[in-house]
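# Structural features, examined
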Amino acid sequence: MEFKDIVMQRYATKKFDGNKVPDNKINELVELIRYAPSGLNLQPWRIKIIDDQKTKDELVPFSFGQQQIATCSHLLVLCANTDFNDVMNRVSASLKEAGVPDEMRNMLMGMAEGMNKSMSGQEWIGSVKAAVYLALGNAVNGAKSLGLDSCPMTGFNPEGYARVLNLPSHLIPTALCPVGYAADTPMPKVRLRKEEILI
Ligand SMILES: Cc1cc2nc3c(=O)[nH]c(=O)nc-3n(C[C@H](O)[C@H](O)[C@H](O)COP(=O)(O)O)c2cc1C
């Protein structure tokens, strides 16, 4: 599928048909999300994948009753990993594993330390959430490229989700990406004219 077809055919699905997406497709989707870009390549996201009906049903009241949650095959809960040390440890280990020379790794780690020091706690959390939104972009376009439907969602209660999913406090549920096979009809694509967005 060409990227322009993915962009034009993807839409915010409101209802799925309940059919299960095979695990290998979900794994392929995770790969597409894993390669999303992030500032200094910190990849400050963690993703919880839920495919059991009971948990999805428990999350519906914390999702303003939106039926994507109960009807999707798999629900991806994209979380912001706000624990800077944890993020650093993971990235450092991954650079080591990839054989990146120590000098380069130390330089990258130093840049990240410097960036983090220059930010308030709230600014750090904001930057982590921005990274999660980029991962969300890969998720929804990636899903379409694999023949799946999805919906980007922030209409949910993060505290409720954290409670139901028993998440540690440094992981903030930031965006949802239910995936599956659509059981609705897309609305016509309406967008601002080019002249309205170009300055
Ligand atoms: C950050 C974000 C949050 C969104 N939250 C929801 C949501 O909670 N529920 C929903 O049905 N759609 C949600 N949407 C989907 C948008 O309404 C949709 O993308 C927009 O209307 C354009 O339609 P399209 O995606 O079908 O082209 C969200 C989209 C984004 C990017």
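Here the structure is shown first, and the text comes after it.
Being a predicted model, the structure only gives us computed values, none of them experimental.

Our focus in this paragraph is the sheet that holds strand S4 (residues 171–180). If you trace the four strands from one edge of the open sheet to the other, you get S1-S2-S4-S3, paired in antiparallel fashion. With one partner strand each, in any of the chains shown, strand S1 (45–50) and strand S3 (149–150) form the two edges of the open sheet. For S1 and strand S2 (residues 74–81), the ladder comprises six bridges, and the chain directions are antiparallel. The residue of S2 that forms the bridge with Lys48 is Val77. Of the strands in this sheet, S1, S2 and S4 touch helix H2 (residues 23–34), which is tilted by about 165 degrees from S1. Contacting S1, S2, S3 and S4, helix H7 (residues 121–145) crosses the sheet at an angle of about 10 degrees to S4.

Running from amino to carboxyl end, helix H5 (residues 84–97) crosses helix H6 (residues 102–117) at an angle of 165 degrees, the nearest separation of the two axes being 10 Å. Taken as axis vectors, H5 and H6 run roughly antiparallel relative to one another. When the axes of H5 and H6 are compared, the crossing they make is right-handed. Every residue of H6 that contacts H5 at Phe84, Met88, Val91, Ser92, Leu95 and Lys96 is listed here: Arg105, Leu108, Met109, Ala112, Glu113 and Asn116. Taken together, the residues that form the contact of H5 with H6 break down as seven nonpolar, two polar and three charged.

The next subject is the site of the ligand. Every one of the 14 residues lining the ligand counts as a neighbour, but Ala12, Lys14, Gln66, Lys189 and Arg191 are closest to it. Between the ligand and the protein, one listed contact pairs a nitrogen atom with a backbone N or O atom of Pro152 at 3.0 Å. For the ligand, an oxygen atom lies 2.9 Å from a polar atom in the backbone of Gly155. Notes on the ligand: free accessible area 620 Å², of which the protein chains cover 62%. A breakdown of the residues in the shell around the ligand according to their chemical character gives six nonpolar, four polar and four charged.

On to H5. For H5, with 14 residues, the first-to-last C-alpha span of 20 Å sits near the 20 Å given by 1.5 Å per residue. Buried residues of H5: Phe84, Asp86, Val87, Met88, Val91, Ser92 and Leu95, and no others. Packing partners of the buried residues in H5 comprise S1, S2, H6 and H7. Following H5 by one or two positions, Gly99 has its phi on the positive side, about 80 degrees.

Now for the layout of surface pockets. It is a probe the size of a water molecule, rolled over the atoms, that shows where empty space is left. Here the largest pocket defines a volume of roughly 370 Å³. Taken together, 18 residues line the largest pocket, and the ones lying closest to its centre are Gln43, Trp45, Arg46, Ile47 and Arg90. Mapped onto the lining of the largest pocket, the elements with two or more residues apiece are H2, S1, S2 and H5. Class assignment for the residues of the lining of the largest pocket results in 11 nonpolar, three polar and four charged. Estimated volume of the second largest pocket: approximately 190 Å³. Taken together, Arg10, Tyr11, Ala12, Lys14, Asp184, Thr185, Pro186, Met187, Pro188, Lys189, Val190 and Arg191 make up the lining of the second largest pocket. Considering only residue class, the lining of the second largest pocket consists of six nonpolar, one polar and five charged.

Moving on to the packing of aromatic side chains. Counted under the stated rule, the structure contains two aromatic pairs. Between Phe84 and Trp124, the aromatic rings sit 5.2 Å apart at their centres with planes inclined by 90 degrees, giving edge-to-face as the arrangement. Of this pair, Phe84 sits in helix H5 while Trp124 sits in helix H7, and the two are 40 residues apart along the sequence. Classification of Trp124 by relative accessible area gives buried; the value is 6%.

About the thresholds
- Residues numbered from 1 in each chain as written.
- Predicted model: local features only at pLDDT ≥ 70, side-chain atom pairs only at ≥ 80, totals over all residues.
- Heavy atoms only, no water.
- Pairing = 2+ DSSP bridges.
- Helix = DSSP H or I, 4+ residues; strand = E, 2+ residues; numbered from the N terminus.
- Contact = heavy atoms within 4.5 Å.
- Axes fitted to C-alpha atoms, helices over the stretch in contact; angles between N-to-C directions.
- Parallel < 35°, antiparallel > 145°, perpendicular 65-115°, else oblique.
- Left-handed = near helix turned anticlockwise from the far one by under 90°.
- Nonpolar A, V, L, I, M, F, W, Y, C, P; charged D, E, K, R; others polar.
- Near = heavy atom within 4 Å.
- Polar contact = N/O pair within 3.5 Å; in protein donor to acceptor, adjacent residues only side chain to side chain.
- Areas by Shrake-Rupley, 256 points an atom, 1.4 Å probe, with all protein chains shown as cover.
- Expected span 1.5 Å × (residues − 1).
- Buried < 20%, exposed > 50% of the residue type's maximum accessible area, 1.4 Å probe, protein only.
- 1 Å grid on protein atoms, 1.4 Å probe; cavity = no way out; pocket = protein on both sides within 12 Å on 5 of 7 lines; lining within 4 Å.
- Points joined across faces, edges and corners; volume = space filled by probe spheres on them.
- Phe/Tyr/Trp six-rings, centres within 6.5 Å; stacked < 30°, edge-to-face > 60°.

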